[in-house]
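Single-letter residue listing:
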Amino acid sequence: MTLFAVRHLTCFTYEKPVHFSRSNLRLKPIGWPGQTLVSHRIVVNPDGRLTPAPLPSALVNLTRLVIPGVTTSLEIISEAVVDVYRTPQLSWLGEPVVADVARWARESTDVSDLSPANFIYPSNLIPFDADIAAWGGEVLRPDRPVFGAAYELAVRIQREFRYDANATMAETPPASAFAARAGVCQDFAQIMICALRAAGLPAAYASGYIRTLPEPGQPRLQGADATHGWILVWCGPDKGWLGLDPTNGIAMGGDHILMAVGRDYLDIAPIEGVFNGYGAQDILVEVDVEPVAG
């Protein structure tokens, strides 16, 4: 069990004065097996109106922010304390096979936010792709234990793909990142989701944080952490949703802090919005994830 303090700073600097802005904030971690939200607050400079979304969801905590006045910058600070007591899934003995899980998902009558039926089909940022489907199908064979096969796929992505922050952008489709064999955590997660859905398996995009450790003998740099993306795969009604991190080739464990769950990145982007103005804007993001004494 580890108590984590998370500080997420986003600062917008506008070239010309902005007369009005409205944002959707998805910065408050959700409740999830293996973690409990202890506290959370959002600080905004200049002051604005913060309003919770009218329809609560189990998958994302959405807050709306309105800045009605003229401003040349906007600073949003999210501070959370999260208790994480998750043990990663490391064994798949006795797990259901891919074909059974795919059939259960198709036949599910669950209408909740976490219904597997919500995550079987292509989504805006993750369309079907035949090349990814064929590549993933080499591992996700119908007779294989579902989590064991998904775990192998995550490891394969970690080994075969190059982490390159300059290779893609937020809107890069999975097919392009797959062809380049390069990208960032968002790309790797969405490639894996594409492969899992092509095999009939419900797969979701998980957004949050992961604790990073400096190299031995090096100091920890303030703001050096970042938001992170990984995947959740539905492993049947008994096991439910289990997490895998294809960027690192590991199962979701005690260093992962889940913030939101969606069909793809569009559903769970930490901050999105519009403003009334013109000119360029600069964005600075700093994230710190630190264990704290209980």
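Residues numbered from 1 in each chain as written. Predicted model: local features only at pLDDT ≥ 70, side-chain atom pairs only at ≥ 80, totals over all residues. Heavy atoms only, no water.

1. Brief notes about the pattern of salt bridges
Overall, the coordinates contain twelve salt bridges when judged by the stated rule. Salt bridges sharing common partners tie together Arg 7, Arg 41 and Glu 79. (Salt bridge = Lys/Arg side-chain N within 4 Å of Asp/Glu carboxyl O.)

2. Comments concerning the layout of surface pockets
A volume near 1,100 Å³ is recorded for the largest pocket. If you go around the largest pocket, you meet 42 residues; those closest to its centre are His 8, Thr 227, Tyr 265, Pro 270 and Val 285. Only strand E1 (2–18), strand E2 (20–28), helix H5 (185–198), strand E9 (203–210), strand E10 (227–234), strand E14 (271–276) and strand E15 (281–292) provide two or more residues apiece to the lining of the largest pocket. In terms of residue count, E15 provides more of the lining of the largest pocket than any other element does, six residues in total. Of the volumes computed, that of the second largest pocket is approximately 270 Å³. Contributing to the lining of the second largest pocket are 15 residues, with Pro 52, Ala 53, Asn 61, Leu 62 and Thr 63 lying nearest its centre. For the lining of the second largest pocket, the secondary structure elements donating two or more residues are strand E3 (35–45) and strand E5 (61–67). (1 Å grid on protein atoms, 1.4 Å probe; cavity = no way out; pocket = protein on both sides within 12 Å on 5 of 7 lines; lining within 4 Å. Points joined across faces, edges and corners; volume = space filled by probe spheres on them. Helix = DSSP H or I, 4+ residues; strand = E, 2+ residues; numbered from the N terminus.)

3. Notes on helix H2 (residues 130–137)
Taken residue by residue, H2 has Ile 132, Ala 133, Trp 135 and Gly 136 as its buried positions. Projection of H2 onto a plane perpendicular to its axis shows the buried side chains occupying an angular sector of 165°, all on one side. Packing partners of the buried residues in H2 comprise helix H3 (146–160), helix H4 (174–180) and H5. At the N-terminal end of H2, a side-chain oxygen is found 3.1 Å from the backbone nitrogen of Asp 131, two or three residues along, and the residue is Asp 129. (Buried < 20%, exposed > 50% of the residue type's maximum accessible area, 1.4 Å probe, protein only. Arc of directions from axis to C-beta. Contact = heavy atoms within 4.5 Å. Polar contact = N/O pair within 3.5 Å; in protein donor to acceptor, adjacent residues only side chain to side chain.)

4. Focus: the side chain of Arg 144
Relative to the assigned elements, Arg 144 resides in the loop between H2 and H3. Looking at Arg 144, its side chain comes within polar contact range of the side chain of Glu 152, at 2.8 Å.

5. A short note on the sheet that holds E9
An order of E12-E11-E10-E9-E13 is seen for the five strands of this open sheet, with the pairing classed as antiparallel. Whereas interior strands pair on both sides, the edge strands pair on one side only; in this sheet they are strand E12 (250–251) and strand E13 (256–262). Summarising the sheet, E9 and E13 pair through six bridges and their orientation is antiparallel. Paired with Ile 210 across the bridge in E13 is His 256. Strand contacts of H3: E10, strand E11 (241–245) and E12, with the helix running at about 20° to E11, the strand carrying the most contacts. Running over the sheet, H5 touches E9, E10 and E11 and is turned about 10° from E10. (Pairing = 2+ DSSP bridges. Axes fitted to C-alpha atoms, helices over the stretch in contact; angles between N-to-C directions.)

6. Concerning the confidence of the model for the protein chain
This prediction gives the protein chain a mean pLDDT of 92; 96% of its residues lie at or above 70. When mean pLDDT is compared element by element in the protein chain, H2 scores highest at 98, while E14 scores lowest at 90. (pLDDT = per-residue confidence, 0-100.)

7. Brief notes about unusual backbone geometry
In this structure, Pro 46 follows Asn 45 across a cis peptide bond, with omega equal to 5°. Examined against the element boundaries, Pro 46 turns out to sit in the loop between E3 and strand E4 (49–52). The phi angle at Arg 181 is positive, at roughly 55°, despite the residue not being glycine.

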